[in-house]
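An overview of the molecular structure
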Amino acid sequence: MLNLKHIEIGKFARIVTLTACTLFATLNLFAQADYHPSPENLQARREFQDMKFGMFIHWGVYSVLGDGEWVFHNRKLKVDEYNRLPAFFDPEKFDAKAWVALAKAAGMKYITITSRHHDGFAMFDSKVSDWNIVQRTPYKKDPLKMLADECHRQGIKLFFYYSQLDWHNPDYYPRGATNWDNGRPDHGDWNAYLDTYMDGQLRELLTNYGTIGGIWFDGMWDKPDADWHLAKTYALIHQLQPAALIIPNHHQTPKPGEDVQTFERDLPGQNTAGFNTNFVSAQLPLESSDTLNGNWGFNIGDSEYKSVDELIRRLVRAAGNNSNLLMNIGPYPNGEIDSQFVTRLHAVGEWLSKYGDSIYGTRGGPMAPGDWGVTTQKENKIYVHVLNWNAPLLALPPIQAKITSAHSLGDNSAAEFTQNMNGIILKLPAARTDETDRVIVLTVAK
Ligand code: FHN
């Protein structure tokens, strides 16, 4: 039987709970506020910067429809309709070894693959829900496990893309900007979605796949003002694997607990695509992602493949802007990778086998990037990447260090230069039509 005392105690308990919740929510706004990256994490950040070039892979049950990864949303399908799709996903040609070998042949040092996209469909063996590849598709296997094992074997780092936005789970509620009426109930448990479902899956990804490079988050932009419990999620990741990098594609200024700042379809600081912030972190490693054709997920009508020349230029411009390039391909639903992707990636790899010294392990160079090109630097070398300059002389701003020699990376021939307090004048080797990037290596006194 309840008496006054019980009611008072109940009221007190509610006030305490409310205060604790408010405090917790406030802390969450600050993400992982007390985050001090571990030495392993700082080392992983440096290694991330050294890698420079990664393969982005968008692959899911949506690939079956050949209409990009947003097909669920774009066609305004109902959940019941989309639920039929996994039955058609049977990637009998998926070959983890070949995928990793392709990334390596392209000169890519890491792979970032969609563990689940906005359809919420787990492309891995998840015990958190049966909305996953093992339980819902005729394939019944876990391709991410095969990929992880192969990446470990072939020495490639593996990152998992994870969409925080979910068009399928009813507990993704209240819904966000991309909401449409797809038959989900008008209620749901947001806390359960984050703490049980999402963190549960992240725990699986950070436990069952060996050492991974990190988690590439996407979708927070759907509900930019929501409390995403970031402090909890980020702490979980760093606790399970301290070196795992958190790479959030939320298009905002980085928050505490995040380890890399990524830019979608743009170089750092640019916002031509309308997605990104102009703020560029001076502390965090930077990454810029883009698509090799026009789409992320397989789109049968897309033949807008970027040329090899264009791909090399993007990689070079990214490096000159102190950033990595994460270049996307969307494999077929059967697991094959279109030959248009393959031939281009091989060609970039060939270029890198010759010019890789000017890219891998470098940081943005001392001269500001310009339309003419960019610079990168490593130890006592400055690499001048001439991308768009037809005159025989190139004037560069002054630098503190004394240049002791200059040569062309293409054929090792010496390059003439003058240096004084006003700047540097480089005499460029004549542009060859087959040379995308004329790289002049300046050696400076230590
Ligand atoms: O909506 C997604 C999109 O499908 C794709 O995954 C890209 C990759 O950066 N990110 C989102 C848009 O910001």
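What you see is a predicted model, and the numbers here were worked out from it, not measured in a lab.

Examining the overall build of the chain
- When you go through the chain residue by residue, the secondary structure sums to eleven helices and 16 strands.
- Rg of the C-alpha trace for the chain: 24 Å, near the compact-globule value of 22 Å for 446 residues, within the 12% margin.
- Projected onto the principal axes, the alpha-carbon positions of the chain cover approximately 95 × 50 × 35 Å.
- The buried share of the chain, reckoned over its 446 residues, is 54%.
- When contacts within the chain are restricted to residue pairs at least 6 apart in sequence, long-range pairs at least 24 apart make up 70% of them.
- Carbon and sulfur atoms make up 55% of the accessible area of the chain, which amounts to about 19500 Å² in all.

Section: the environment of Thr375
- Examined against the element boundaries, Thr375 turns out to sit in strand E10 (residues 373-378).
- In this structure the side chain of Thr375 is engaged in a polar contact, spanning 3.2 Å, whose partner is the backbone oxygen of Met367.

Brief notes about the site of the ligand
- Taken together, 14 residues lie around the ligand, and His58, Glu69, His118, Asp218 and Glu264 are the ones closest in.
- Asn249 is positioned such that a nitrogen or oxygen atom in its side chain is 3.5 Å from an oxygen atom of the ligand.
- Glu264 places a side-chain nitrogen or oxygen 2.5 Å from an oxygen atom of the ligand.
- Protein chains bury 96% of the 330 Å² of accessible surface belonging to the ligand in isolation.
- Grouping the constituent residues of the shell around the ligand by class yields six nonpolar, five polar and three charged.

Overview of the pattern of salt bridges
- For the coordinates displayed, the defined rule picks out 17 salt bridges.
- For Lys78, the salt bridge identified is with Asp181, shortest N-O distance 3.9 Å. Pair noted here: Lys78 is in the loop between helix H3 (71-74) and helix H4 (79-82) and Asp181 is in the loop between strand E3 (157-163) and helix H8 (190-207), with a separation of 103 residues, a long-range link.
- We note a salt bridge from Arg432 to Asp434, for which the minimum N-O separation is 3.0 Å.
- According to the relative accessible area criterion, Asp434 is exposed, its value standing at 57%.
- Among the charged side chains, a salt-bridge network with shared partners connects Arg265, Asp290, Lys306, Glu310 and Arg314.

Here's the deal with the packing of helix H5 (residues 96-105) against helix H7 (residues 143-154)
- Relative to each other, H5 and H7 sit at 45°, their axes nearing to 9 Å. With respect to H7, the axis of H5 lies oblique. The two elements H5 and H7 cross, and the hand of that crossing is right-handed. Side by side, H5 and H7 meet where Ala96, Lys97, Trp99, Val100, Ala101 and Lys104 of the first sit next to Met146, Leu147, Glu150, Cys151 and Gln154 of the second.
- For the contact of H5 with H7, the residue count by class is seven nonpolar, one polar and three charged.

Comments concerning unusual backbone geometry
- Cis geometry is adopted by the peptide bond preceding Pro174, which originates at Tyr173 and carries an omega value of 0°.
- As for its position among the elements, Pro174 is in the loop between E3 and H8.

Side note on the sheet that holds strand E11 (residues 381-386)
- Judged by pairing direction, the sheet is antiparallel, and its five strands sit side by side in the order E9-E10-E11-E16-E13 without closing on themselves. Each end of this open sheet is capped by a strand with a single partner; those strands are strand E9 (363-364) and strand E13 (403-408).
- As paired strands, E10 and E11 are joined by six bridges and run antiparallel to one another. Each residue of the ladder has a partner; that of Lys378, found in E11, is Lys381.

Quick word on the environment of Ile113
- One can find Ile113 in strand E2 (residues 110-116).
- Along the sequence, Ile113 and Pro224 sit 111 residues apart, while their C-alpha atoms lie 24 Å from each other.

Remarks on the nonpolar core
- With 89 residues, the main nonpolar core has Met55, Ile111, Ile113, Leu147, Phe160, Leu202 and Ile215 as its most contacted residues.
- For this core, the element with the highest residue contribution is H8, accounting for eight residues.
- The contacts of Phe160, once residues within four sequence positions are left out, are Ile113, Ser115, Leu144, Leu205, Tyr209, Ile212, Gly214, Ile215 and Trp216.
- Among the nonpolar cores identified, the runner-up in size contains 17 residues, and Ile382, Leu396, Ala415 and Leu428 belong to it.

Reading the values: the criteria
Residues numbered from 1 in each chain as written. Predicted model: local features only at pLDDT ≥ 70, side-chain atom pairs only at ≥ 80, totals over all residues. Heavy atoms only, no water. Helix = DSSP H or I, 4+ residues; strand = E, 2+ residues; numbered from the N terminus. Rg over C-alpha atoms; globule rule 2.2 N^0.38 Å. Buried < 20%, exposed > 50% of the residue type's maximum accessible area, 1.4 Å probe, protein only. Contact = heavy atoms within 4.5 Å. Areas by Shrake-Rupley, 256 points an atom, 1.4 Å probe, with all protein chains shown as cover. Polar contact = N/O pair within 3.5 Å; in protein donor to acceptor, adjacent residues only side chain to side chain. Near = heavy atom within 4 Å. Nonpolar A, V, L, I, M, F, W, Y, C, P; charged D, E, K, R; others polar. Salt bridge = Lys/Arg side-chain N within 4 Å of Asp/Glu carboxyl O. Axes fitted to C-alpha atoms, helices over the stretch in contact; angles between N-to-C directions. Parallel < 35°, antiparallel > 145°, perpendicular 65-115°, else oblique. Left-handed = near helix turned anticlockwise from the far one by under 90°. Pairing = 2+ DSSP bridges. Core = buried A, V, L, I, M, F, W, Y, C linked by side-chain atoms within 4.5 Å.

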